[in-house]
Amino acid sequence: GGLVIGWFIARHHEKLGLVLTPLLGAIALSLIPIIAGERIALFIVTIVAGVGFGSMIPVTLSLAQRLLPHRTSLASAMMLGGAWMFAGVGAMGAQAIDEALGIHAAFLAAAGALLVASMLSALLPSKLLQALDH
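This write-up is about the structure you can find in this document. (Residues numbered from 1 in each chain as written. Predicted model: local features only at pLDDT ≥ 70, side-chain atom pairs only at ≥ 80, totals over all residues. Heavy atoms only, no water.)

**Describing the environment of Val-45**
This is how the line gets drawn: Secondary structure elements are defined from DSSP: runs of H or I of at least 4 residues count as helices, runs of E of at least 2 residues count as strands, and each element is numbered from the N terminus. Whether two residues touch is decided by their heavy atoms; if any such pair falls within 4.5 Å, the residues are in contact.
Looking at the element boundaries, Val-45 is found in helix H3 (residues 39-54). Put simply, Val-45 and Ala-28 are 17 residues apart on the chain and 5.3 Å apart in space, counted from C-alpha to C-alpha. Excluding residues that lie within four positions of it along the chain, Val-45 makes contacts with Ala-28, Leu-31, Ile-32 and Ile-35.

**Digging into the nonpolar core**
Under the convention used in this document: What we call a nonpolar core is a set of buried Ala, Val, Leu, Ile, Met, Phe, Trp, Tyr and Cys residues that are connected through their side-chain atoms within 4.5 Å. The rule is simple: take the accessible area with a 1.4 Å probe, protein chains only, and divide by the maximum for that residue type; under 20% is buried, over 50% is exposed, in between is partly exposed.
Membership of the largest hydrophobic core is limited to nine residues, which are Ala-26, Ala-28, Leu-29, Ile-32, Ile-35, Val-45, Ala-49, Ala-111 and Leu-114. Those elements that place two or more of their residues in this core are helix H2 (14-31), H3 and helix H6 (103-122). A per-element tally of this core places H2 first, with three residues. Sequence-distant contacts of Ile-32, that is, excluding residues within four places in its chain, are made with Leu-42, Val-45, Thr-46, Ala-49 and Phe-107.

**Remarks on a nonpolar patch on the surface**
Convention followed: Residues enter a patch when their relative accessible area is above 30% and they make no salt bridge; the linking distance is 9 Å between like charges and 5 Å between nonpolar side chains (Val, Leu, Ile, Met, Phe, Trp, Tyr). For the accessible areas, the method is Shrake-Rupley and the probe is 1.4 Å, while residue cover comes only from the protein chains on display. Salt-bridge detection follows one rule: a side-chain nitrogen of Lys or Arg within 4 Å of a carboxyl oxygen of Asp or Glu.
A surface patch of nonpolar side chains, amounting to about 900 Å² of accessible area, comprises Leu-24, Ile-27, Leu-31, Ile-34, Ile-40, Phe-43, Ile-44, Ile-47 and Val-48. When contributions to the nonpolar patch are tallied by element, the ones reaching two or more residues are H2 and H3. With five residues, H3 is the single largest residue contributor to the nonpolar patch. Here Val-48 shows up in helix H3. Classification of Val-48 as partly exposed rests on a relative accessible area of 37%.

**Focus: the environment of Ala-113**
Its location among the elements puts Ala-113 in helix H6. The exposure class of Ala-113 is partly exposed, given its relative accessible area of 47%.

**Quick word on the pattern of salt bridges**
Counted under the stated rule, the structure contains one salt bridge. Across the salt bridge formed by Glu-14 and Arg-66, the nearest N and O atoms sit 3.0 Å from each other. In this pair, Glu-14 is assigned in helix H2 and Arg-66 in helix H4 (residues 57-67), connecting sequence segments 52 residues apart. The exposure classification of Glu-14 matches that of Arg-66, with both residues buried.

Here is the structure:
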């Protein structure tokens, strides 16, 4: 997903991907408990959910490096460390939610996290992203 998204999203047009990709992933995650018995549909929706989780990491890494051009190692560490932290904490959180409230709630919580990511990305100033490298 990251390779495909990175190939399609042009510089200075990353915001749309940062908003839409996690939004589509959130929709996919919220559908998983509903279509659990349909193997082909579940397979497709699971792939879309995975793309929603991870495909924008290369784009955010690139943006971070362009926002901090003299501290690219720091920018990379912050983006990758943040992604790994959310992956680790998210798995433990989903397990705790599953044990307390059930699997449907765990999927909805993960979808909610992606929805928050989408909304936060919408707040990025478009002018700032377009002004990078000019």
